[in-house]
Amino acid sequence: MSEVSLEPTLRNLIEQTSLKWIFVGGKGGVGKTTCSCSLGIQLAKVRESVLILSTDPAHNISDAFNQKFTKKPTLINGFTNLYAMEIDPSGGVGELPDDLGEDFISAGKAMLQDMVGSFPGIDEAVSFSEVMKLVTKMNFSVVVFDTAPTGHTLRLLSFPSAVEKGIDKILNLKNQIGPFISQIAPLVGMHDINADMLSNKLEETMAIIKKVNQQFKDPTQTTFVCVCIAEFLSLYETERLIQELAKNNIDTHNIIVNQLVFLSKNEEPCKLCLSRYNLQKKYLDQIDLLYEDFHVTKLPLLEQEVRGTDNIISFSQNLVQPYQK
């Protein structure tokens with residue numbers, strides 16, 4: 001074991017002002033949305049502007065804050081610098097916001113959809129790249145990703161690389177399809193579209209995606225927070241996730257163990273509580289042993305669900321101050 005145990009909070013992330021992208025992920029049902037919303041609230045105290053971006057098709061952020069969020073960044077009620085938006089990258093180009101400014105996508109969304117449809121996986125990757133362009137242009141101090149369960153998350157993190165390869169393929173086709181686009185565009189009512197314009201926009205997208213790709217692999221700008229519960233399957237999934245992140249050169253040094261039973265010193269625990277406590281303690285000991293070089297934050301299982309802005313604000317304190325019953 002290391003001589004100095006790391007602080008069991010997320011304070012290290014909140015104080016690391018160079019961070020631009022923070023991913024929160026793990027197995028389904030472990031409380032990722034609650035953790036990402038709580039982290040967003042704590043970051044909003046020290047950062048100029050914070051965006052919580054849900055890439056989970058279930059879109060639980062709206063339920064958590066009791067406020068409807070859409071494909072565009074929306075200010076969360078009660079805050080002046082905390083925003084939220086919900087997208088489904090697997091929905092492809094059709095999931096994009098309708099007003100992406102002067103981007104070629106707003107003029108030829110259907111054409112782009114058909115064009116990228118011939119490259120497997122590129123549709124959703126281009127969708128993700130356009131969202132990243134939108135988010136980058138809005139210049140948030142930090143973006144917290146509330147991600148889908150583990151498999152989807154690993155796919156999401158590979159999107160920047162997929163986009164680079166896909167755009168390369170499309171640009172290589174430019175000379176072949178250029179004359180065709182110039183002839184066909186006026187017939188379908190897109191007089192302003194031409195091959196050079198498309199290739200320029202794709203190159204602009206490529207530049208942004210390359211930058212994002214570099215940032216994702218830079219530990220001073222990007223990190224991943226793994227959320228789990230103290231059970232075998234969740235612990236196994238967390239280890240798999242950490243191994244995959246290491247392969248993709250993505251930094252991770254924080255683990256949140258959620259839904260823990262804390263025994264009260266003044267009360268006799270019930271049989272179920274004591275049984276759950278002993279089971280969780282076994283896995284917590286393994287986590288402490290396996291991840292001695294991680295900040296391990298332990299969060300409580302509460303009597304009621306954490307829902308509504310006031311409850312999330314209250315719960316978020318547990319990220320910076322270890323919970324005690």
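Residues numbered from 1 in each chain as written. Predicted model: local features only at pLDDT ≥ 70, side-chain atom pairs only at ≥ 80, totals over all residues. Heavy atoms only, no water.

**Digging into the pairing of strand β4 (residues 82-86)**
Working step 1: Burial analysis of β4 places 4 of its 5 residues in the buried class, which makes it a mostly covered element.
Working step 2: Pairing of strand β2 (residues 50-54) with β4, which is carried by 5 bridges, proceeds in the parallel orientation. Bridge pairing in β4 links Val50 to Leu82.
Working step 3: As defined by bridge partners, strand β3 (residues 74-75) adjoins β4 across 2 bridges and the pair is classed as antiparallel. If you follow Leu75 over to β4, its bridge partner there is Tyr83.
Working step 4: A loop of 6 residues connects β3 with β4, the two strands running antiparallel in sequence, and Gly78 in this loop sits at a positive phi of about 95°. (Buried < 20%, exposed > 50% of the residue type's maximum accessible area, 1.4 Å probe, protein only. Helix = DSSP H or I, 4+ residues; strand = E, 2+ residues; numbered from the N terminus. Pairing = 2+ DSSP bridges.)

**Concerning the pattern of salt bridges**
Opposite charge on two side chains permits them to pair, given that their charged atoms come into close proximity.
Working step 1: On inspection of all chains with the given rule, the structure shows 6 salt bridges.
Working step 2: Between Glu231 and Arg276 there is a salt bridge, and its shortest N-O distance comes to 2.8 Å. Highlighted residues: Glu231 in the loop between β6 (222-229) and α10 (232-247) and Arg276 in helix α11 (residues 271-290), separated in sequence by 45 residues.
Working step 3: Of the charged contacts in the structure, one is a salt bridge between Lys298 and Asp288, with a shortest N-O distance of 3.7 Å. Of this pair, Lys298 sits in strand β8 (residues 295-300) while Asp288 sits in helix α11, and the two are 10 residues apart along the sequence.
Working step 4: Classification of Asp288 by relative accessible area gives partly exposed; the value is 28%. (Salt bridge = Lys/Arg side-chain N within 4 Å of Asp/Glu carboxyl O.)

**Regarding the confidence of the model for the chain**
Working step 1: Counting all residues, the mean pLDDT for the chain is 81, and 73% of those residues have values of 70 or more.
Working step 2: Residue range residues 100-109 is modelled with pLDDT below 50. Its contacts to residues more than four positions away, or to other chains, number 27 contacts.
Working step 3: Contacts from residues 115-120, a stretch scored under 50 in pLDDT, to residues over four places away or in other chains number 10 contacts. (pLDDT = per-residue confidence, 0-100. Contact = heavy atoms within 4.5 Å.)

**Section: empty space enclosed by the protein**
Working step 1: For the structure on display, the rule yields 2 cavities of 30 Å³ or more.
Working step 2: Considering only enclosed or pocket space, the second largest cavity measures out at about 30 Å³ in volume.
Working step 3: Mapped by element, the contributors of at least two residues to the lining of the second largest cavity are β1 (21-26), β6 and α10.
Working step 4: Of the residues in the lining of the second largest cavity, the class split is 4 nonpolar, 4 polar and 2 charged. (1 Å grid on protein atoms, 1.4 Å probe; cavity = no way out; pocket = protein on both sides within 12 Å on 5 of 7 lines; lining within 4 Å. Points joined across faces, edges and corners; volume = space filled by probe spheres on them. Nonpolar A, V, L, I, M, F, W, Y, C, P; charged D, E, K, R; others polar.)

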